[in-house]
Amino acid sequence: MLVATALSILLAGCSQDVASLPKPPPQEPTVASVAYFCSMGLLEHGGPKGQAFFAGKSEPVWFASVRDAIAFSMLPGKPQDVAAIYVNDMAKARNWDRPEAGAWVEAHDAWYAIGSDYNAGMGGKEAVPFSDEKAAQSFTASRGGKVVRFGEIPEKYILESDDDVADVSAGEALTPKTAVKQ
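Parameters and conventions
- Residues numbered from 1 in each chain as written.
- Predicted model: local features only at pLDDT ≥ 70, side-chain atom pairs only at ≥ 80, totals over all residues.
- Heavy atoms only, no water.
- Buried < 20%, exposed > 50% of the residue type's maximum accessible area, 1.4 Å probe, protein only.
- Helix = DSSP H or I, 4+ residues; strand = E, 2+ residues; numbered from the N terminus.
- Pairing = 2+ DSSP bridges.
- Axes fitted to C-alpha atoms, helices over the stretch in contact; angles between N-to-C directions.
- Contact = heavy atoms within 4.5 Å.
- Patch = residues over 30% accessible without salt bridge, like charges linked within 9 Å, V, L, I, M, F, W, Y side chains within 5 Å.
- Areas by Shrake-Rupley, 256 points an atom, 1.4 Å probe, with all protein chains shown as cover.
- Salt bridge = Lys/Arg side-chain N within 4 Å of Asp/Glu carboxyl O.
- Phe/Tyr/Trp six-rings, centres within 6.5 Å; stacked < 30°, edge-to-face > 60°.
- Lys NZ or Arg CZ within 6 Å of the ring centre and 35° of its normal.
- Lys, Arg positive; Asp, Glu negative; His and termini not counted.

Caption draft 1: Quick peek at the pairing of strand 1 (residues 50-54). Most of strand 1 is tucked away, with five of its five residues classed as buried. Burial of the side chains of strand 1 extends over both faces: G50, A52 and F54 are buried on one face and Q51 and F53 on the other. From the end of strand 1 to the start of strand 2 (residues 61-63), which pair antiparallel, there are six residues, and G56 there has a positive phi angle of about 80°. Alignment of strand 1 against strand 3 (residues 82-88), held across five bridges, turns out to be antiparallel. Each bridged residue has a counterpart across the sheet, and for Q51 the counterpart in strand 3 is Y86.

Written as structure tokens, this is what we have:
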């Protein structure tokens, strides 16, 4: 019991230390960038991407979709030293299949369109990120779905297969898991 308590205090201290560090700036993917979950070349997939930085590391961990980046933040046992998570800002992107350099927003600051008819690069449902709430609302007005903040994204929408994901655009109530901001 004493060991568990000491470990909890130590991990809490590490999380606070990471939160106080300056966030590294987002990077642009290259042909050498590999997606964390599928180990495939990141540029082989269209659509918005994500990246996460660990404290003390200069290279990000890449995600082939925004949904994958959000899933990474929800998984039990995820690393506690995540310094920042960035996702493509589709309010700034002119090319949705290949968002331009600089079109990034910190994941916790974005507005997300979920339950729309837009699919990620590998064909699954996507959480489409926007830095601007009006842009997200405009997107859902034409493509369906609803707009939520990072901490309001239902775990079920992110972690379950597309066959099991409820129709959030129809207003089905899904209880979001409380996401902790890094």
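Picking up after the structure, the text goes on.
Caption draft 2: Local environment of the sheet that holds strand 2. Spatially, the four strands line up as an open sheet ordered 2-1-3-4, and their pairing is antiparallel. This sheet does not close on itself; its edge strands, each paired only once, are strand 2 and strand 4 (104-106). In this sheet, neighbouring strand axes are inclined to one another by 25° on average, regardless of whether the strands run parallel or antiparallel. On the sheet, helix 2 (residues 66-74) packs against strand 1, strand 2 and strand 3 and is oriented at approximately 160° with respect to strand 3.

Caption draft 3: Structural context of a nonpolar patch on the surface. Together, Y36, F37, L75 and L159 make up a nonpolar patch on the protein surface, roughly 340 Å² of accessible area in all. Note that Y36 resides in the loop between helix 1 (2-20) and strand 1.

Caption draft 4: Quick look at the packing of aromatic side chains. All told, the structure shown has 14 aromatic pairs when counted by the stated rule. The interplanar angle of 55° and the centroid separation of 6.0 Å between the aromatic rings of W96 and F130 together place this pair among those described as tilted. Here the residue W96 occupies a position in the loop between strand 3 and strand 4, and F130 occupies one in strand 6 (residues 128-130), the gap between them amounting to 34 residues. Given the relative accessible area of 2%, F130 is considered buried. Cation over ring: R67 sits above Y157, and NZ or CZ is 6.0 Å from the ring centre. Over the ring of W111 we find R149; its NZ or CZ atom is 3.9 Å from the centre of that ring.

Caption draft 5: Summary view of the side chain of K49. Along the chain, the position of K49 falls in the loop between helix 1 and strand 1. Buried K49, no salt bridge; nearest opposite-charge side chain is D97, N-O distance 6.6 Å. When sequence neighbours within four positions are dropped, the list of residues in contact with K49 reads L42, F63, A64, S65, V66, Y86, V87, N88, R98 and W104.

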